[in-house]
Amino acid sequence: MTAAALALVIPSAAAHAGWNTVAKSSGGGLAFVYLGGLVSIVVLVPAAIVASAIDGTGGIDATAVAWMFGAACLHGTYLLTLQRGYRAADLSVVYPLARGTGPLLSFLAAIAILGESPTAPAVAGAALIVGAVLALGLSAMRRAHADRAGIGWALVTGVLIAGYTIWDKHAVDGLDIQPIVYLCGIELARALIFLPLVVRRRDELAAVWRTQRGHLAGFGVMAPLSYVLFLSALALAPVTSVAPLRELSILFGVVLGGQFLAEKHTWTRAGAAAAIVAGVAAISIG
């Protein structure tokens, strides 16, 4: 893990926890996700144009476009299942379970599919982070008596996280697509794919825009910022290092949940956070 990749992943984790807190507090739903995506497009298009000018072509061809549409399907489904989970259970249940199962699966897939060979400290650190996140989620589940549907949606979300992580790693590394350009393409493709689903929900879209502008702005800025930083880190380091390290977002999520969602801090959470920090140190050494 290089210092540059580490410097990208940490703010990515903070922004990720931020937009998830916003999504949970807003109530979410298809209309919110769609409008938030439009805000992201407004943010990303100028940045993508600048990145393309600096990078030359930006790596865009028919294969890249097809890859963006595939990613849009994965990311769009991920956002919808995440929102369903947040509607059924607490952030402290859904977020750790989704974020814990995703990196575990992507870590294994990177070894099996991409042929990555992580070092022993990296393996130990990844296992420690994933174990801590899962323990945190299971503990919260027992305390909150969460709806089983929320747990199910969280696990499905984790599978999708693993899927798009491997998919996107190939895009920015194997296909050498500039991360900002790639994410902009994903958001544009997702807007087109979701359009038939929202075209008959004009009243709902108007209501969400009227009452949730602040949340939409936070979601629309932090979500792409988080993922551009993550994609940039993927271009510099293996999935087996970057994906588990991004679980630093759990640390930020614990703080934000306590500050803005009135969720209580417990010794279990503190212990899990300490284990995550130890795991990060192990991955950095590896």
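Residues numbered from 1 in each chain as written. Predicted model: local features only at pLDDT ≥ 70, side-chain atom pairs only at ≥ 80, totals over all residues. Heavy atoms only, no water.

**Considering the layout of surface pockets**
Right, on to step 1. Of the pockets and cavities examined, the largest pocket occupies roughly 160 Å³.
Right, on to step 2. In terms of lining residues, the largest pocket is bounded by Gly29, Leu30, Leu80, Thr81, Gln83, Arg84, Arg87, Trp153, Arg201 and Glu204.
Right, on to step 3. Per-element tally for the lining of the largest pocket: the top contributor is helix 3 (residues 62–88), with five residues.
Right, on to step 4. Class assignment for the residues of the lining of the largest pocket results in three nonpolar, three polar and four charged. (1 Å grid on protein atoms, 1.4 Å probe; cavity = no way out; pocket = protein on both sides within 12 Å on 5 of 7 lines; lining within 4 Å. Points joined across faces, edges and corners; volume = space filled by probe spheres on them. Helix = DSSP H or I, 4+ residues; strand = E, 2+ residues; numbered from the N terminus. Nonpolar A, V, L, I, M, F, W, Y, C, P; charged D, E, K, R; others polar.)

**Thoughts on empty space enclosed by the protein**
Right, on to step 1. On inspection of all chains with the given rule, the structure shows four cavities of 30 Å³ or more.
Right, on to step 2. One number sums up the size of the largest cavity: a volume of about 200 Å³.
Right, on to step 3. Lining the largest cavity are 16 residues, and of these Trp19, His75, Glu187, Ala223 and Tyr227 lie nearest its centre.
Right, on to step 4. Secondary structure elements with two or more residues in the lining of the largest cavity: helix 1 (3–26), helix 3, helix 7 (179–198) and helix 9 (213–234).
Right, on to step 5. Looking at the lining of the largest cavity element by element, the count peaks at five residues for helix 9.

**Focus: a nonpolar patch on the surface**
Right, on to step 1. A grouping of Ile60, Val65, Phe69, Leu192 and Ile193 is seen on the molecular surface, where their side chains present a nonpolar patch of about 390 Å² in accessible area.
Right, on to step 2. Counting only elements with at least two residues in the nonpolar patch, the list comes to helix 3 and helix 7. (Patch = residues over 30% accessible without salt bridge, like charges linked within 9 Å, V, L, I, M, F, W, Y side chains within 5 Å. Areas by Shrake-Rupley, 256 points an atom, 1.4 Å probe, with all protein chains shown as cover. Salt bridge = Lys/Arg side-chain N within 4 Å of Asp/Glu carboxyl O.)

**Observations regarding the packing of aromatic side chains**
Right, on to step 1. This model, assessed by the stated rule, comprises six aromatic pairs.
Right, on to step 2. Aromatic pair Tyr78 and Tyr164: ring centres 5.1 Å apart, planes at 70°, arrangement edge-to-face. Of this pair, Tyr78 sits in helix 3 while Tyr164 sits in helix 6 (residues 148–174); the two residues are 86 residues apart in sequence, bridging distant segments of the chain.
Right, on to step 3. Residue Tyr78 is classed as buried on the basis of its relative accessible area, which comes to 4%.
Right, on to step 4. Taking the relative accessible area as the measure of exposure, Tyr164 reaches 2% and is therefore buried. (Phe/Tyr/Trp six-rings, centres within 6.5 Å; stacked < 30°, edge-to-face > 60°. Buried < 20%, exposed > 50% of the residue type's maximum accessible area, 1.4 Å probe, protein only.)

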